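Each chain is listed here by its residues.
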Amino acid sequence: MCFLTLLLMGWLLAGETLGQNTLTLFVTCDDVATVWIDGELQDNLVNANNWGKFDTLTIPAASQVIAVKCKNFGNGAGLIAKVKDSSGKVVLKTDVKNSWLCTTTEETGWTTADFQPSSPTWGKAALSRVGTGDKAGADWIWSQNSGARVVYFRAKLQKSCGKLWNGACGPRYKEAVIGWKTGPRSVANCRAMCQAISNCEVFFMKNADKSCYFYRKEALDVCTKNVQIGQYTAYHVNDCNKETSCKFRNVGCWRDRPRRAISGGIRFTDPKNTVERCRAFAQKKGYKTFAVENGNQCFTSRSAHRTFRRYGRVPLRACSGGTGGAWRMDVYLWMCSK
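Now for a description of the structure that goes with this document. (Residues numbered from 1 in each chain as written. Predicted model: local features only at pLDDT ≥ 70, side-chain atom pairs only at ≥ 80, totals over all residues. Heavy atoms only, no water.)

## Describing the overall build of the protein chain
1) Next: Check the secondary structure of the protein chain and you find four helices and 23 strands.
2) Next: Looking at the 338 residues of the protein chain, the share that counts as buried comes to 47%.
3) Next: The long-range share in the protein chain, meaning contacts at least 24 apart out of those at least 6 apart in sequence, stands at 70%.
4) Next: Looking at the protein chain as shown, the accessible area adds up to about 16700 Å², and 50% of this sits on carbon and sulfur atoms. (Helix = DSSP H or I, 4+ residues; strand = E, 2+ residues; numbered from the N terminus. Buried < 20%, exposed > 50% of the residue type's maximum accessible area, 1.4 Å probe, protein only. Contact = heavy atoms within 4.5 Å. Areas by Shrake-Rupley, 256 points an atom, 1.4 Å probe, with all protein chains shown as cover.)

In structure tokens form, the structure reads like this:
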């Protein structure tokens, strides 16, 4: 056991970092700001009503969309924001190019990553008259309708996927590699190694030398066929090209907090049949993950498979009977096995 632990630690230390775990968002509105990250309300803003000060938020590096609702009470109106990576480099800022879109019409789902803004409802922002911006080059922006009192803004975070991707950066390949093992290796051998790492869900094999690269989060749809990405072939941890049995499986007990790990709130409570009802609800929606908390609360969402790990795993004894506990979730993930 000690040898295995040291071996896995060696992989973690040896692995190249292809991305950072967190980004920092600086944001403020004249006059009131409300912020969502991938559809999840950020309820910890301390300067939401103080346009003269940035709120600083730490957000996951895998975040896809920043959505901001700005409310103005008169005189100057505007949004200013910037996002920095862990090195301090600005990777996104408010400007009047194509990075930020805005509208004065609130639409269902507009804060989520899956929402597709369309014209003429959504359009490019205009420079605001609030100020001249900041040293990072971020501008104060507002709607083309300068008299608007409420404006809804969206921006997509564009990330580099690192040199492993060889320029073939797909929309879901954004997580840091957690280790590698040099080749030559067989697919079965790489899959066994991935299965031995608790948070490995995808592995890549370099076509030239058959080296293995292990990834933290799911970068492929469950049961998808193997995918060619440049000079690599991507595989899911489960061998979904053979006959498989796919179902929701319990993947342990995980922490939750008032700012929920899974967006969407409590779907329903059912003290008698929560797991089965929650399973059916998630499956009908096509979601890959659901969780049961406090004995009777159902949580699930389109992004649950990416966010349920937010506050970390706890020992199984912290959950009870597959239905979680107080601020503890029993999490069920759609998985495949032979």
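## Describing the sheet that holds strand 9 (residues 123-124)
1) Next: Pairing within the open sheet is antiparallel, and its six strands lie in the order 3-2-5-12-8-9. Across the chains shown, the open sheet's two edge strands, defined by having one partner strand only, are strand 3 (40-41) and strand 9. (Pairing = 2+ DSSP bridges.)

## Quick notes on the environment of V187
1) Next: Looking at where V187 falls in the secondary structure, it is placed in helix 2 (residues 187-196).
2) Next: Spatially, the C-alpha atom of V187 lies 8.5 Å from that of K210, the residues being 23 residues apart in sequence.
3) Next: What V187 contacts, discounting residues up to four positions off in sequence, is F203, M205 and Y235.

## What to know about the packing of aromatic side chains
1) Next: Scanning the entire structure with this criterion turns up twelve aromatic pairs.
2) Next: Ring geometry for W36 versus W110: centroids 5.3 Å apart, planes at 70°, classification edge-to-face. Highlighted residues: W36 in strand 2 (residues 32-37) and W110 in the loop between strand 8 (100-103) and strand 9, separated in sequence by 74 residues.
3) Next: Here W36 falls in the buried class, since its relative accessible area comes to 15%.
4) Next: Geometrically, the ring pair formed by W110 and Y152 is edge-to-face, given 5.1 Å between the ring centres and 75° between the ring planes. Here W110 is found in the loop between strand 8 and strand 9, whereas its partner Y152 is found in strand 12 (residues 150-156), with 42 residues between them in sequence. (Phe/Tyr/Trp six-rings, centres within 6.5 Å; stacked < 30°, edge-to-face > 60°.)

Just geometry here; none of it tells us what the structure is for.
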